[in-house]
Amino acid sequence: MRSELFSQAQENDLPGMSLQNPRMLRVACDGEFYARRGAMVAYQGDIDFAFQGSGARRFAKKMLTGEGLPLMRVFGKGDVFLARDAWEIHILDLEDESITVNGQNVLAFESGLEWNIHRVRGMGIIAGGLFNTVFTGRGRVAIACHGTPVLLNVDQPTYVDTKAAVAWSTSLDTSLRSTVKAGALIGRGSGEAFQLVLEGRGFVLVQASEGAVRAVQQG
């Protein structure tokens, strides 16, 4: 049997965390790493998966917001393939640095990184989705973007929809801004009720979408 697909889609042989293609992450695991629960699409070898709690402080923040970072611990020796609804995947290399990532966009990260959930100052938990994950140290973080993102240099006040902001410099000052009346919260406005305000010097990565549309359950 012949097909260009067989050569184009062949598994790579790179060590550690790498892109199998723009929408699939491959991790050559020999130890452990952490990934979003439900992100595994295939694996080979002696691999196991376990629920990873967020710790007492992280868990408390998650319960306050209804948001958070649902993780699983992946460990063993073998190859693991991860994806999220065919979103674009990008790898960030941290070299004794820190970065803030929207929890909805975290796909996987190496176990050597420190991480914690931080709250964005502003309108309180009514705005939703404002508890983001800060990664610090040396290692790799894989993020999933809904659409091709744009990287904006922040050297003046920059405003981003809270659901479109993927990642930004931890050094930036962040807050929330409300630009429409409360009616927008119940469907009478444009829907752009809150923006993330970033000030200082750094960057912000913005995806070309406000994220996947959540299905509405019929009563």
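All residue numbers here refer to positions counted from 1 along the written sequence of the relevant chain. A pLDDT threshold of at least 70 governs which residues receive local features in this predicted model, and a stricter bar of 80 or more applies before side-chain atom pairs are shown or counted, although totals over entire chains, interfaces and linings include all residues. Computation of side-chain values: all heavy atoms of the structure, hydrogens and water removed.

The next thing to look at is the sheet that holds strand 10 (residues 158–161). Paired strands, in this sense, are two strands between which DSSP finds at least two bridges. Each helix is a run of H or I in the DSSP string that is no shorter than four residues. Each strand is a run of E no shorter than two, and both are numbered from the N terminus. The strand order across the open sheet formed by three strands is 10-13-12, and the pairing between neighbours is antiparallel. The outermost strands of the open sheet, each flanked by one partner alone, are strand 10 and strand 12 (173–178). Each adjacent strand pair in this sheet contributes to an overall mean axis angle of 30°, direction not counted. Every axis corresponds to a line fitted to the C-alpha atoms, with the helix fit spanning only the stretch in contact, and the corresponding angles, defined between N-to-C directions, vary from 0 to 180 degrees.

On to the pattern of salt bridges. We define a salt bridge as a contact between a side-chain nitrogen of Lys or Arg and a carboxyl oxygen of Asp or Glu at a distance within 4 Å. Considering all chains together, one arrives at six salt bridges under this definition. Here Asp30 ties to Lys77 by a salt bridge, and the two come within 3.5 Å at their closest N and O atoms. Linking Asp30 in strand 2 (residues 24–36) with Lys77 in strand 4 (residues 71–82), this pair joins segments that are 47 residues apart in sequence. You can call Asp30 exposed: its relative accessible area is 62%. Between buried and exposed lies partly exposed: a residue is buried under 20% and exposed over 50% of the maximum accessible area for its type, with that area taken using a 1.4 Å probe on protein chains only.

Along a regular strand, successive side chains alternate from one face of the sheet to the other. Two elements, strand 1 (residues 16–21) and strand 2, share five bridges in a ladder whose sense is antiparallel. Counterpart to Ser18 in the pairing with strand 2 is Arg26. The hairpin formed by strand 1 and strand 2 contains two residues between the paired strands.

For this analysis, a nonpolar core means a set of buried residues of the types Ala, Val, Leu, Ile, Met, Phe, Trp, Tyr and Cys, connected via side-chain atoms within 4.5 Å. If you look at the biggest cluster of nonpolar residues, it comprises 20 residues, and the most contacted ones within it are Phe109, Phe135 and Ile143. Elements that contribute at least two residues to this core include exactly strand 5 (88–101), strand 6 (106–110), strand 7 (114–119), strand 8 (131–145) and strand 11 (165–169). At five residues, the largest contribution of residues to this core is made by strand 8. Throughout, a residue-residue contact means that at least one pair of heavy atoms, one from each residue, lies within 4.5 Å. Sequence-distant contacts of Phe135, that is, excluding residues within four places in its chain, are made with Leu94, Glu97, Ser98, Ile99, Val101, Val106, Phe109, Glu114, Trp115 and Val141. Of all hydrophobic cores here, the second largest spans 16 residues; its members include Ala35, Ile47, Val74 and Ala108.

Side-chain rings of Phe, Tyr and Trp, where Trp is taken by its six-membered ring, are said to pair if the distance between their centres is within 6.5 Å; with planes under 30 degrees apart they count as stacked, over 60 as edge-to-face, and otherwise as tilted. Scanning the entire structure with this criterion turns up four aromatic pairs. With 5.2 Å between their ring centres and 65° between their planes, Tyr43 and Phe49 make a pair best called edge-to-face. Of the residues examined, Tyr43 reaches a relative accessible area of 37% and is grouped as partly exposed. A relative accessible area of 26% places Phe49 in the partly exposed class. Aromatic ring contacts, followed pair by pair, group Tyr34, Phe109, Trp115 and Phe135 into a single cluster. Placement of a charge over a ring requires the Lys NZ or Arg CZ to be within 6 Å of the ring centre, with the centre-to-atom vector within 35 degrees of the ring normal. In this structure, Arg84 is placed above the aromatic ring of Trp87, and the distance from its NZ or CZ to the ring centre is 4.4 Å. Above the ring of Tyr159, the side-chain terminus of Arg177 is found at 5.0 Å from the ring centroid.

This paragraph deals with the confidence of the model for the chain. Per residue, pLDDT captures the predictor's confidence, and it can take any value from 0 to 100. Mean pLDDT for the chain: 82, with 74% of residues reaching 70 or above. Under a pLDDT of 50 for its full length, residues 215–219 has, in the predicted model, zero contacts with residues more than four places off or in other chains.

Structurally, the position occupied by Gln207 is in the segment after strand 14 (202–206). Look at Gln207 and you get buried, because its relative accessible area is 5%. Here Lys163 takes part through its backbone oxygen, which lies 3.1 Å from a polar atom of the side chain of Gln207. Among all residues touching Gln207, those that are not within four sequence positions of it are Trp87, Asn105, Ala144, Cys145, His146, Pro149, Lys163, Ala164 and Val166. Residues adjacent in sequence count toward polar contacts only when both atoms are side-chain atoms; beyond that, a polar contact is any pair of N or O atoms within 3.5 Å, and within protein one must be able to donate a hydrogen and the other to accept it.

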